[in-house]
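A closer look at the structure
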Amino acid sequence: MRLAIDVMGGDQGSRAVIEGSARAVIEHADLELTLFGPRQQIIAELSRLPQPLAAATSRLVVSDAPLSISQASSAAWALRHGQASSMACMLRSLRLGEAIAGVSAGNTAALVALARRELGTLAGISRPAISTAIPARHGRRCYLLDLGANVDSPAHRLLDFAVMGAAMAQCVDEVALPRVALLNVGAEATKGSASVREADRLLREYPDASAFAYQGYAEGGDLFDGELDVVICDGFVGNAVLKSSEGLTRMLVERVQMAFESRLSGRLASLLAKPVLRYLKQELNPVRYNGASLLGLKGIVVKSHGGTQAEGFYYAIRRALCEVEHNLPARMAERWKHH
């Protein structure tokens, strides 16, 4: 199994991407990765891999792509000037069938625009949406979309997000009838923008009862209650919600650790506290949920957080592997026939 990796574009540089890639190869014996970026830079980073990861180099193939798209570049610039970039080369390898999924930590707008051009969208989908799973109560998770591919979305696009998100929950989590809600500033029918109220009407009138169970409006806190499988919103709101929840999670973990350290004294108390703190950090660490899916494309593309370290990029690769395992684009295309 071969995946394509855009080495350039992340805030942490190529080292984090290459170390995360090496860890993925070590832990998945049948995995090979093609690394797109400046050849000499990638070779130099491979030579500096720590000893436990050095064995991965035999399954990390370097493909020279001399240019990179900066985080400050516009989508229009990427479309005009980015053909030789690591991102475009990675996506082209998917189109040519040289890899079955791609992962990038680069410029989101550029990734969406180039992916639309290189791979195309499923029939009936005008624009892809970015989605990720958010941990919720009772060990469940909730898919939130859009997260930034479409900053301002009309009502019909919010309906498309609902169908795509529900298909994701059905395919990956095997939820028979996903519970879908529309993010709003309140539960009252009169609240929200005109596009949100129109989307509410379209969702209530959606003819395919097997696609999802519409639950009406949701507020921000409902994401984490474990009672919803999919929450939809425009990309501006979704991105703000996601980044806020990640920041809050980090702060809460730090505060809990400080509380333990300040109130517990003695060796026994410290030993008792460590497993609890370790479990809390593991369960709530946003790094474990890194990797957002570009839904609606004819191929599998996962967007890693731009600021992620090696561990976070590893989890983004795992996200891509999960979608490959569930054959997500084909199953979503089948669902879309009934839309």
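Quick caveat, the model's predicted, so the values are computed rather than measured. (Residues numbered from 1 in each chain as written. Predicted model: local features only at pLDDT ≥ 70, side-chain atom pairs only at ≥ 80, totals over all residues. Heavy atoms only, no water.)

Below, the discussion takes up the domain arrangement of the protein. Partitioning the protein into domains gives domain 1 (1–123 + 296–324) and domain 2 (129–287). Each of domain 1 and domain 2 was reduced to a C-alpha centroid, and the two centroids are 26 Å apart. Between domain 1 and domain 2 lies a buried interface of about 700 Å² when both sides are counted; carbon and sulfur atoms form 66% of it. Across the contact surface, domain 1 and domain 2 share zero salt bridges. There are zero residue pairs in polar contact (both at pLDDT 80 or more) connecting domain 1 and domain 2. When residues of the side of domain 1 that touches domain 2 are traced back to their parent elements, those giving at least two are α6 (108–119) and α11 (310–325). The element best represented in the side of domain 1 that touches domain 2 is α11, accounting for six residues. (Domains from an automatic or database assignment. Buried area = accessible area lost by both parts, 1.4 Å probe. Salt bridge = Lys/Arg side-chain N within 4 Å of Asp/Glu carboxyl O. Polar contact = N/O pair within 3.5 Å; in protein donor to acceptor, adjacent residues only side chain to side chain. Helix = DSSP H or I, 4+ residues; strand = E, 2+ residues; numbered from the N terminus.)

Moving on, we get to α6. The first and last C-alpha atoms of α6 sit 16 Å apart over 12 residues, in line with the 16 Å expected at 1.5 Å per residue. If you check which residues of α6 are buried, you get Ala110, Leu111, Val112, Ala113, Leu114, Ala115, Glu118 and Leu119. For α6, the secondary structure elements touched by its buried residues are α4 (75–81), α5 (86–95), β4 (101–104), β5 (129–135), β10 (292–295) and β11 (300–303). Residue Asn107 occupies the N-cap position of α6, its side-chain oxygen lying 3.0 Å from the main-chain nitrogen of Ala109. Directly beyond the C-terminal end of α6, a positive phi value near 80° is found at Gly120. (Expected span 1.5 Å × (residues − 1). Buried < 20%, exposed > 50% of the residue type's maximum accessible area, 1.4 Å probe, protein only. Contact = heavy atoms within 4.5 Å.)

Quick look at the sheet that holds β11 now. Reading across the sheet, the 11 strands line up as β3-β2-β1-β4-β11-β10-β5-β6-β9-β7-β8 and stay open at both edges, with mixed pairing between neighbours. The open sheet is flanked by β3 (60–64) and β8 (213–218), the only strands paired with a single partner. With direction set aside, neighbouring strand axes in the sheet form an average angle of 25°. Sheet topology places strand β1 (residues 2–6) next to β4; three bridges connect them, and they run parallel. Within β4, the residue paired with Asp6 across the bridge is Ser104. Sheet contacts for helix α2 (residues 39–47): β2 (32–37) and β3; angle to β3, the most-contacted strand, approximately 155°. In the packing of helix α8 (residues 194–204) onto the sheet, the strands contacted are β7 (179–183), β8 and β9 (230–232), and the crossing angle to β8 comes to about 160°. (Pairing = 2+ DSSP bridges. Axes fitted to C-alpha atoms, helices over the stretch in contact; angles between N-to-C directions.)

Before going further, it helps to examine the packing of helix α1 (residues 14–27) against α2. The contact between α1 and α2 brings their axes to 10 Å, and the two run at 60°. With respect to α2, the axis of α1 lies oblique. Note on packing geometry: the crossing formed by α1 with α2 is right-handed. Residues Ser14, Arg15 and Ile18 of α1 form the contact with α2, whose participating residues are Gln41, Ile42, Glu45 and Leu46. Looking at the contact of α1 with α2 residue by residue, the classes come out as three nonpolar, two polar and two charged. (Parallel < 35°, antiparallel > 145°, perpendicular 65-115°, else oblique. Left-handed = near helix turned anticlockwise from the far one by under 90°. Nonpolar A, V, L, I, M, F, W, Y, C, P; charged D, E, K, R; others polar.)

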